[in-house]
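Notes for the structure review
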Amino acid sequence: MARAQSNRRIAVMTIIGWTIGILMFFPIFWTAVAAFKTESDAYTLPQNFLTTPWTLENFAIVQERSDYVRYVVNTTLIVVLSTALALALAVPAAWSLAFTPVEKPTSRLSGRAWLAIMLGASGACFIVLYVNGWKVSNFFVGFGLLMLVVIPATIWVWTRNTPGTLLWMLSTKMMPPAGALIPIYLIFNRNGLVFADWGIVDLREFNLMDSLWGMVLLMTLLNLPIFIWMLFSYFKEIPVAILEAARMDGASLWNELFRVLMPMALPGIVSTCLLNIILTWNEAFWSLNLTNKNAAPLSFFISEYSSPEGQFWAKLSAASIMAITPILVIGWFSQRQLVRGLTFGAVK
Amino acid sequence: MKLAPLFLGAFAAMLASSVYAETTLTIATVNNGDMIRMQKLTDDFTASNPDIKLDWVTLEENDLRQKVTKDISTKGGQYDVLTIGMYETPIWGAKGWLVELTGLDDPADILPAVSGGLSANGKLYAAPFYGESSFVMYRKDLMAKAGLEMPDAPTWDFILDAAKKMTDRPNGVNGICLRGKAGWGENMAFIGSMANSFGARWFDENWKPQFDTAEWKDTLTTYLSIMKDAGPEGASGNGFSENLALFQSGKCGMWADATAAGSFVIDPKASQVAEHVGFTLAPDKGLGKRANWLWAWALAIPAGSQKVDAAQKFISWATSKHYADLVASKEGWANVPPGTRTSLYNNPEYLKVPFAKMTLESMNAADPTKPTVQPVPYTGVQFVAIPEFQGIGTKVGELFSAALAGQMSADDALAQAQQYTTDVMTKAGYIK
Amino acid sequence: MPSVLVLSGWAFIPLALTFYFAFLSYNLQDPENTGWAGLSNFYYFFKDPFFVKDLINTIVLVVGVIVTTVVGGVFLALLLDQKFWGRGIVRLLVIAPFFIMPTVSSLVWKNLIMHPVFGLTAEIQRFFGEHQPFDWFGRAPLFSVGLIVAWQWLPYAALILLTALQSLDEEQKDAAQMDGANAVNYFWHIVLPHLARPITVVILIETIFILNVFAEIKVTSVGGFAGNLTYLVFSQLNDANDVGMAAAGGLVAVVLANIVSALLVRFVGKNLEA
C-alpha cells in the first residue's frame, strides 16, 4: 500500500520533473536543431523539424567565414591565464585576510578625518584643474593629480578591518562597467594615458588594446574580488590550529601555504576557478569594446552574427552552438564542484 | 606544474601575433554582402602586391561605427583602412583626421553626388565602395492580385492604398515592410527621407529643431497608421536585415529600402520570391521631393597611419573599374558594387540588371544640399552632417520606435524628440 | 598585500578619471573643443527623456528577476530534492542555462523563440488561429528581457537552494514526519528558515549582476523601450559620443549601486557574517 503510493508519487514527480527540465532546456535544444537545418528550413522549423533533412553545412560556413578556431584559442588563453593570475594574487590576499584578521581599523584616524582628507585632496585637484580650464596638457601634472587622490584612498582601504576590506572588494564589482569604459579605453589606448611616448621611452609598442595581455589583465581584475571573497570563506573553515601546528614543526611559510593550506582548501579553490572560468568565458561587455581581432574571444565571434544580411538563423544557431558547447560540457562535468563555487562560499 | 607548457604556448602565440615580415593592412569593414564578397576576391590584389598582407576586422554596422569613432578620435591607430560613410567623411575630413586620397582609378568617373558627399574643402577623403539610394521593391504577383498597377513614380497616396489592399494577414502577407528598429542609420534613415517628401526638416536656418511642426506630425502619424494597418508584427525591431529576411520569404507586398537590396531580392538562391520582384521610385507627396536617401560606404585612411602608401594602393584597387569587372566575371553583373561610377551605368551589360536604371535615377534624385522643400542649414539627405547628429538621430529613432511599438503616442514622441534635440543643441552651443 | 594595491588601482583610477570627465565637455567627434562643463553634464543627463524610465526599469528588472528566481528556485529545489527517475539528467537540463553566454541566449530567445513572425510562440499562436501573433519585444519589452535574464539566473538560485536543502538533516525530516506535521507546516517552519541564508546569498549575488545587465538589452535592441541605466550610459557614450555625459551618468549609476549595496548590506549583512 505504502509502496504503491510511493511509486505513484515517484511517477508524478518524474512527470513534473521532466516537464520542467525539458522546458528549461528547450531553447538550447531548439537552437541545436536549427543549427543542423538548411537556411530556409530553419525559418519554417516548427512545422517540419522532423521531415526536413539534416545538414552540417552551417558549421562549415561559420568556420570558413569567421575562423572559429582562432576565437576558441583566444578565449581559452584568456580564461586560463587570467584564472591562473587571479589565483596567484588571491591566495596570499585571502590567506592573510583569513588567518591574520584585523579586528579594528589600523589607522587611528576616524572615518570623518578620512573623509576630510579625501575631500581635501579632491578639492585641491578640482581647483588646480578648474584654474587650468579643466584641461590637462602635461601628462605628469595629470598623473600627479591622479595620485593625489588615489594614494590616500588606497591607504584608507589598506587600513580597514577585515570585514571592511571584504565589503569594499565586493563593492568594486558593483561599479557599472559603462561608466568606467572611457577611462579604461584611454588607458589601453596606444596613444592614451599610459602607452604613450614618454620621451625617455616610447611605450606605444606595448599597447594593450586588442592584445591578449590586456584582456588577461582586465579579466583578472574583474574577477579578483570574487576570487578573494570566495577563497576567504574557504580558508575560514580551516582550523587555525592546524596551521599553527605546522608552524611549530618548523614549516616555512612556503610549506605552510602549499603543503598544508592548499591541499585542505583544494575543493574550494577548484570551484572558485570553475566559476571564474564560466564568468570569463561568457564576459561580453569589455571583450566587445576592447578587442577587434588579435585577442577577440567567443563573445565577439557571436556578435558578428547578431545582424548580418538576410536569412541567417541556421548560421546563427550553428555559431551559438559552437560558442556554448565547450563551456556547457565543462559545466556539466564539473557541476558538483561548481555548486560550492556558485554560492561564493557562503552556504555551508 | 602542468601550467608551464600552457604559459609557454601563450607566450609563443603572443609573440607570433606581433611579428610581421611585410606590410600588413588592418582593414575595418562592415559585415554586409558586398564587403564580404570583396574579402573573398582579394587574391587578385595580393597577387600583384605580394608585399602587402590584408587583415580584416569585420563588424556589424553600429559596432563598426562606435569602434572606428573611438579609435580615430583618440588617435588609437588600430586600423589602416576604415570603412566609413557619407556622414563621417565630411566631418572627419574637415578636421584633418583623414588622408586625402590620390591615385584613385579615374576619380572623375565617380558619380558627382557621391564624390561631393565624401569630400571636404574640395578634397576627396574617402573612396566610395558602393553607393545607394532608396526605392520601393514590390511583388508583381501580389500587386496584380490586388488589381493594381505600380506606376513608375508612385505617390504616397497610392502606396498607402496599395499596402492596405495587398495585406492578407491570414496568409502571412503584409502590405508593406518598413524599418522600425531604432537607430539613425536604421529607422531614421527611412523616416527622415519620408519626412523630406512631406516637407519636414530637422532644423530651421537657426538650428531650431522642427519636431513641433505639422509636417513632422503628418509624417509620423502616416507612418504609424500604415504600419498598424499593413505592416508586419514586431515592426519596431525590424531593420534592413530583418526586412530583407521578411521580403525574401514572401511576407511583404512592398518594401521601401536601400537600392543595395536589389541584388539580394532577385537572387534565386536566397529569395523565394525572386521572379516576382519589381522596382519603382520612392514615393512623393507632390511637393517636389521624393522619399529617397543617399548613402555610400567608402574606404578612407586615418591621418597618422604609417602605411599610407599601401593603403592608397589597396583602396584604389577596391574602388576601381577593374574590381567591378572582376566581380562581374566571377559573380555576374548583378553583384557588382552599385552606385559609384558613371561608367558602370553606361555599360549595356549592367543596364540589363533589373534595378540598375532605377538605382541611378534614385541616386540622382537625392540632393544632400537641398534635402527638403524648405531651406536648411545642414547637408545630408537622411542625416545631418554635424557631430551631434549621431546621438540625436539615435534618441529620436528610439522615441519613434517606441511609438511604433505602442509604448507612447505620436504626440509624446514628437514632444520628447523636440525637447531632447533642443537640449542637445543648446548644450553644444548651436542655440544660444 | 599586492592584491589590495592592484584592486584599489583598478577601482580608484577609473573612478577618479570618471569624476574628471563628468565635469568636462567632451564629445568624441569634437575633441579639440573640450573644457569646463560645470554641472551641465549632470543637468542634461537627468533631463534625458529616458532617464526616469530607465531608472525605474533598472529597479523593476532587479526586483522582478530576483523575486522570480527565488520563488522559482525554491520550487525547483524542492522538486529536485524529491526522488524520481532520471533526476540526474533533469538536473543537468535545468542548470544548463547558467552556462550560456548572455549574448547567445538573447539572440536565441529573440530570433528562434519569441520572434513575432518566424518564432516558435508565433507559430503556436497561429496554430490556435491567431493571425497577428504577440510581438514580445515591441509590446512587452521589459517583461521579455526579464524573462531571458530570469531564465539564465533561475538555475543558479535552484542549485544553491538545492545544496542547502540537501544539507537539511534527514533526521530532522523524519522527526517532522513522525510528528505528523503536514507538508505546508513543514515547509513553512523548517525548510524556509533553513533556506534564509542561501536566499540572501542569491539576492546579493544576483543584485550585483542584474544591476548591470547589458548584453540582453543591447542584443534584443530594446534599449529605447526598456533600457536600464547601464544601457543609457552606454548609449550616451557610443551613440552620442558624449564622454562627459556618459561619465556623469556613470557616476549616477555608481551612486545608485552604492545605495543598493548599502541597503543590502544593512539588510542581509548579518546573515553573511561568517
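What counts, and where the lines are drawn
- Residues numbered from 1 in each chain as written.
- Chains lettered and ligands numbered in written order.
- Predicted model: local features only at pLDDT ≥ 70, side-chain atom pairs only at ≥ 80, totals over all residues.
- Helix = DSSP H or I, 4+ residues; strand = E, 2+ residues; numbered from the N terminus.
- Rg over C-alpha atoms; globule rule 2.2 N^0.38 Å.
- Buried ≥ 20, exposed ≤ 12 C-beta atoms within 10 Å, placed from the backbone.
- Contact = placed C-beta atoms within 7 Å.
- Domains from an automatic or database assignment.
- Nonpolar A, V, L, I, M, F, W, Y, C, P; charged D, E, K, R; others polar.
- Core = buried A, V, L, I, M, F, W, Y, C linked by C-beta atoms within 7 Å.
- pLDDT = per-residue confidence, 0-100.
- Pairing = 2+ DSSP bridges.
- Axes fitted to C-alpha atoms, helices over the stretch in contact; angles between N-to-C directions.
- Left-handed = near helix turned anticlockwise from the far one by under 90°.

**Looking at the overall build of chain B**
- If you tally the helices and strands in chain B, you get 19 helices and 10 strands.
- For chain B, the C-alpha radius of gyration of 23 Å lies close to 22 Å, the compact-globule estimate for 432 residues.
- Dimensions of chain B, computed from C-alpha atoms along their principal axes, come out at roughly 65 × 60 × 55 Å.
- With 432 residues in all, chain B has 57% of them scored as buried.

**A closer look at the overall build of chain C**
- Tallying secondary structure elements over chain C gives 14 helices and 2 strands in all.
- Projected onto its principal axes, the C-alpha positions of chain C cover 80 × 60 × 30 Å.
- Counting over 274 residues, chain C shows a buried share of 58%.
- In chain C, the share of contacts with a sequence separation of at least 24, taken over all contacts with a separation of at least 6, comes to 71%.

**Concerning the domain arrangement of chain B**
All names here are of chain B.
- We note that the domain assignment places domain 1 (21-132 + 294-356) and domain 2 (134-293 + 371-427) within chain B.
- Contact residues are listed per partner, giving 16 residues for domain 1 and 16 residues for domain 2.
- Only α4 (61-73), α5 (88-95), β6 (127-139) and β10 (294-300) provide two or more residues apiece to the side of domain 1 that touches domain 2.
- Among the residues making up the side of domain 1 that touches domain 2, the classes are represented as 10 nonpolar, 4 polar and 2 charged.

**Points about unusual backbone geometry**
All names here are of chain B.
- Positive phi, normally seen in glycine, also occurs at aspartate 106, with a value near 50°.
- Tracing the backbone shows aspartate 106 in the loop between α5 and α6 (112-117).
- Owing to 13 C-beta atoms within 10 Å, aspartate 106 belongs among the partly exposed residues under this scheme.
- The backbone phi angle of asparagine 121 is positive, close to 50°, even though this residue is not glycine.
- Summarising the element assignment, asparagine 121 is placed in the loop between β4 (119-120) and β5 (123-124).
- Looking at asparagine 121, the number of C-beta atoms within 10 Å reads 10, which means it is exposed.

**Considering the nonpolar core**
- Counting 332 residues, the largest nonpolar core has Ala94 and Leu231 of chain A together with Met137 and Met254 of chain B as the members making the most contacts within it.
- Among the elements that take part in this core, helix α10 (residues 212-237) of chain A stands out by supplying 17 residues, more than any other.
- A domain-level breakdown of this core finds at least three residues from each of domain 1 (21-132 + 294-356) and domain 2 (134-293 + 371-427) of chain B.
- The contacts of methionine 254 of chain B, once residues within four sequence positions are left out, are Val136, Met137, Tyr138, Ile159, Ala162, Ala163, Gly175 and Ile176 of chain B.

**Describing the confidence of the model for chain C**
Residue and element names in this part refer to chain C.
- Taken as a whole, chain C shows an average pLDDT of 80; of its residues, 91% reach a score of 70 or greater.
- For chain C, the element scoring lowest by mean pLDDT is helix α9 (residues 170-178), at 63; helix α3 (residues 51-81) scores highest, at 89.
- We note a pTM of 0.83 for the whole complex and an ipTM of 0.81 for its interfaces.

**Side note on the pairing of strand β3 (residues 81-84) of chain B**
Residue and element names in this part refer to chain B.
- Side-chain alternation along β3 places Val81 and Thr83 on one buried face and Leu82 and Ile84 on a second face that is also buried.
- Bridging between strand β1 (residues 23-30) and β3 involves 2 bridges; their strand directions are parallel. Paired with alanine 28 across the two strands is leucine 82, which belongs to β3.
- Two strands pair when backbone bridges link them, and β3 and β10 are joined in this way by 3 bridges, in the antiparallel orientation. Bridge pairing in β10 links leucine 82 to alanine 300.

**Considering the interface of chain C and chain A**
- Taken residue by residue, the interface counts 85 residues in chain C and 79 residues in chain A.
- The dominant element in the side of chain C that touches chain A, judged by the number of residues it contributes, is helix α1 (residues 2-22) of chain C, at 16 residues.

**Describing the packing of helix α8 (residues 162-172) of chain A against α10 of chain A**
Residue and element names in this part refer to chain A.
- Following both chains from N to C, one finds α8 and α10 inclined at 145°, their axes separated by 8 Å at the closest point. Crossing geometry of α8 relative to α10 is assigned as left-handed. Across from Leu166, Met169, Leu170 and Thr172 in α8, the residues of α10 making contact are Pro225, Ile228, Trp229 and Phe232.
- Partitioned by chemical class, the residues of the contact of α8 with α10 number 7 nonpolar, 1 polar and no charged.

**Let's talk about the environment of leucine 167 of chain A**
Residues and elements named next belong to chain A.
- Structurally, leucine 167 is set in helix α8.
- Given 16 C-beta atoms within 10 Å, leucine 167 falls into the partly exposed group.
- Sequence separation between leucine 167 and leucine 129 is 38 residues, and the spatial gap between their C-alpha atoms is 32 Å.

**A few points about the environment of isoleucine 95 of chain C**
- Within the secondary structure layout, isoleucine 95 of chain C lies in helix α4 (residues 87-95).
- Owing to 27 C-beta atoms within 10 Å, isoleucine 95 of chain C belongs among the buried residues under this scheme.
- When the C-alpha atoms of isoleucine 95 of chain C and glutamine 152 of chain C are compared, they prove to be 8.8 Å apart, with 57 residues separating the residues in sequence.
- Setting aside residues up to four positions removed in sequence, isoleucine 95 of chain C forms contacts with Gln335 of chain A together with Pro155 and Leu159 of chain C.

**Some thoughts on the environment of threonine 422 of chain B**
All names here are of chain B.
- Within the element layout of this structure, threonine 422 appears in helix α19 (residues 410-427).
- Judged by the 17 C-beta atoms lying within 10 Å of it, threonine 422 falls in the partly exposed class.
- Sequence spacing of threonine 422 and proline 209 is 213 residues, and the spatial spacing of their C-alpha atoms is 6.3 Å.
- Dropping the residues within four chain positions of it, threonine 422 is found in contact with Pro209 and Ile431.

**Points about helix α9 (residues 177-188) of chain A**
- For α9 of chain A, the buried fraction is high: 12 of the 12 residues fall into the buried class.
- All of the buried residues along α9 of chain A are Pro177, Ala178, Gly179, Ala180, Leu181, Ile182, Pro183, Ile184, Tyr185, Leu186, Ile187 and Phe188 of chain A.

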